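The chain contents come next:
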Amino acid sequence: MTKVTRRGFIKRVVFGVIGIILLDSLWFEKYVIDWNYFDISENENKLKIIQISDLHIKEVRSFHKSIVKKINNVNPDIVFITGDSVDSTDKINELYTFLGLMN
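For every chain, the first residue of the written sequence is number 1, and numbering continues from 1 along that sequence. Two thresholds apply to this predicted model, a pLDDT of at least 70 for residue-level local features and 80 or more for giving and counting side-chain atom pairs, whereas whole-chain, interface and lining totals are computed over all residues. To get the side-chain values, all heavy atoms of the structure are used, and hydrogens and water are removed first.

## So, the overall build of the protein chain
What counts as a helix is a DSSP run of H or I of at least four residues, what counts as a strand is a run of E of at least two, and both are numbered from the N terminus. When you go through the protein chain residue by residue, the secondary structure sums to three helices and two strands. Counting from the amino terminus, the protein chain carries its helices and strands in the arrangement α-β-α-β-α. Think of it in three bands: with a 1.4 Å probe and only protein chains considered, a residue is buried below 20% of the maximum accessible area for its type, exposed above 50%, and partly exposed in between. Scored against the burial criterion, the 103 residues of the protein chain give a buried share of 18%. For the protein chain, the proportion of contacts with a sequence separation of at least 24, taken over those separated by at least 6, is 84%. To be clear on the numbers: accessible area is Shrake-Rupley with a 1.4 Å probe, and residue cover counts the displayed protein chains and nothing else. When the accessible surface of the protein chain is totalled, it reaches about 8,600 Å², and 57% of it is carbon and sulfur. Residues count as neighbours in contact if any of their non-hydrogen atoms are within 4.5 Å of one another.

Here it is, written out as structure tokens:
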């Protein structure tokens, strides 16, 4: 068994934290859907609003189709798309394809 020095331990912790941050930003963020429901209305005329972000569409995949399916099931009045829809401008057509799947 090798003895771990303080410097070695700190290096492992720093590289571990960097690895977790990279894993979250490059992979995890793209495949996690967080749904929250808020009811702030005072009457029965409810306005359904959906806000989505961080789609990172390179091509429309089954993951994106599942998002559209859930959005279509909610049947919102307004959909806000607020950032990171595509990573580069040459993928705009894929975004249009994604939007075309919505009712």
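Moving on from the model shown.
## Some thoughts on the side chain of H56
Counting through the fold element by element, H56 comes out in the loop between β1 (49–52) and α2 (62–74). Pairing of N or O atoms within 3.5 Å defines a polar contact, subject to two protein rules: one partner must be a possible hydrogen donor and the other a possible acceptor, and residues neighboring in sequence count only if both atoms are side-chain atoms. Looking at H56, its side chain comes within polar contact range of the side chain of D87, at 2.8 Å.

## Focus: the side chain of H64
For H64, the position within the fold is in helix α2. When its relative accessible area of 4% is taken as the criterion, H64 is described as buried. At 3.2 Å, the side chain of H64 and the backbone oxygen of L55 are in polar contact. Once you skip the residues sitting within four places of it in the chain, H64 turns out to touch L55, I57, E59 and F98.

## A closer look at the pairing of strand β2 (residues 78–81)
When DSSP finds two or more bridges between a pair of strands, those strands are recorded as paired. Pairing of β1 with β2, which is carried by four bridges, proceeds in the parallel orientation. What sits directly across from I49, in β2, is I78. Taken together, β1, α2 and β2 form a β-α-β motif whose crossover is right-handed. Seen with the strands pointing away from the viewer, any crossover whose path from the first strand over the helix to the second strand runs clockwise is right-handed.

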